[in-house]
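# Observations on the model geometry
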Amino acid sequence: VAAGSLVAESIDIATDATWATVFDLGADEASGAVHQSRSRSLDVQGDAAYVGWCGPCNVLGPDSTFQRGIATNVGGDQPPQKGTSNGWHQASARGLPNRYIYNIHIDPQDVRTIYVTLGEYSTARWLPSGQYLDTNPGIGTGHVFKSTDAGETFTDISGDLPDVVTTAIIRRGNQLIVGNDLGAFISVDLSGKNWAPLGEVPNVPIAQFVIH
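The following paragraphs examine the structure supplied in this document. (Residues numbered from 1 in each chain as written. Predicted model: local features only at pLDDT ≥ 70, side-chain atom pairs only at ≥ 80, totals over all residues. Heavy atoms only, no water.)

## Quick notes on the overall build of the protein
For the protein, the count of helices and strands is 0 helices and 15 strands. Relative to its length of 212 residues, the protein is compact, with a C-alpha radius of gyration of 17 Å against a globular reference of 17 Å. Counting only C-alpha atoms, the protein reaches 45 × 45 × 30 Å along its principal axes. Each of the 212 residues in the protein was classed as buried or not, and the buried ones make up 44%. Across the protein, every contact between residues at least 6 apart in sequence was considered, and the portion connecting residues at least 24 apart equals 47%. Counting every atom, the protein has about 10,400 Å² of accessible surface; 51% of that belongs to carbon and sulfur. (Helix = DSSP H or I, 4+ residues; strand = E, 2+ residues; numbered from the N terminus. Rg over C-alpha atoms; globule rule 2.2 N^0.38 Å. Buried < 20%, exposed > 50% of the residue type's maximum accessible area, 1.4 Å probe, protein only. Contact = heavy atoms within 4.5 Å. Areas by Shrake-Rupley, 256 points an atom, 1.4 Å probe, with all protein chains shown as cover.)

Listed below in structure tokens is the structure:
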């Protein structure tokens, strides 16, 4: 699966030559800015896929009001089917602050459950939210969120994590592991109420996790 302003899928891994466009992420009605997926805001499990996007992706221009969203083929009008447009739609994402989506992780036991990590307004971290003249009404708080209804509604599970840009998340057993600008942290359970530093991982920004 590849995502930019469009979502495309190839199911011929032998050649990687045949790609089908399955969804257009669209554009912002007010500014005309194209919605685009960046960084690692995409996850796939079987036929299920989720793609995070932003657009406008900054707050610098006169008509730029940062917007974010999640497109998915889960919970749509048809069951998801890889290589097709079946079920693709924009999730409502109610309760998810209007800030940059760094990572989406599908729960390995339920494709309707996803975990999302947020930053501020920029992948380069130089544009924090809430600055002078920032008119975004949906900044919200928290950096780790969970949805159990395919991205329609979200709950803040940041708990006692440091209030910093959070870039990665993965489930391991009945715990969650997140990476942020300070290092790696692990939760007591899947509720995210309490977190602790993960082992002896150095205090460095974490970009990605892979279960070995």
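## Here's the deal with the nonpolar core
Formed by 15 residues in total, the largest nonpolar core has its most connected members in Tyr-50, Ile-70, Leu-96, Ile-114, Val-116 and Phe-154. Breaking this core down by element, the ones donating at least two residues are strand S5 (48-54), strand S8 (101-106) and strand S9 (114-118). Val-144, Ile-157, Ile-169 and Phe-185 belong to the second largest nonpolar core, which has 10 residues in total. (Core = buried A, V, L, I, M, F, W, Y, C linked by side-chain atoms within 4.5 Å.)

## Structural notes on the state of the cysteines
Evaluation of the coordinates by the stated rule reveals 1 disulfide. Sulfur-sulfur distance for the disulfide between Cys-54 and Cys-57 comes to 2.0 Å. Between Cys-54 and Cys-57, the S-S dihedral sits near 100°, and the bridge is therefore right-handed. (Disulfide = S-S within 2.5 Å.)

## What about the sheet that holds strand S6 (residues 68-72)?
The sheet built from 4 strands is open, its strands ordered S4-S5-S6-S7 with antiparallel pairing. With one partner strand each, in any of the chains shown, strand S4 (42-45) and strand S7 (89-90) form the two edges of the open sheet. Sheet topology places S4 next to S5; 4 bridges connect them, and they run antiparallel. Directly across from Asp-43, in S5, lies its bridge partner Tyr-50. (Pairing = 2+ DSSP bridges.)

## Quick look at the sheet that holds strand S14 (residues 183-187)
Taking strand neighbours across the sheet as the criterion, the 4 strands line up as S12-S13-S14-S15 in an open arrangement whose pairing is antiparallel. Looking at which strands have only one partner, the edges of the open sheet turn out to be strand S12 (166-172) and strand S15 (195-197). In this sheet, adjacent strand axes meet at a mean angle of 25° when their direction is disregarded. One ladder, built from 3 bridges, connects S14 with S15; its direction is antiparallel. Residue pairing for S15: Phe-185 is matched across the bridge by Pro-197. (Axes fitted to C-alpha atoms, helices over the stretch in contact; angles between N-to-C directions.)

## Points about the side chain of Thr-72
By the element assignment, Thr-72 lies in strand S6. A distance of 3.0 Å separates a polar side-chain atom of Thr-72 from the backbone nitrogen of Val-74. The residues touching Thr-72, leaving out its near neighbours within four places in the chain, are Ala-49, Tyr-50, Gly-87, Trp-88, His-89, Ala-91 and Ala-150. (Polar contact = N/O pair within 3.5 Å; in protein donor to acceptor, adjacent residues only side chain to side chain.)

## Describing the environment of Asn-203
Inspection of the secondary structure assignment puts Asn-203 in the segment after S15. Judged by its relative accessible area of 70%, Asn-203 falls in the exposed class. Between the alpha carbons of Asn-203 and Arg-40 there is a distance of 21 Å; along the sequence they are 163 residues apart. Engagement of the side chain of Asn-203 in a polar contact is seen with the backbone oxygen of Leu-182, the distance being 3.2 Å.

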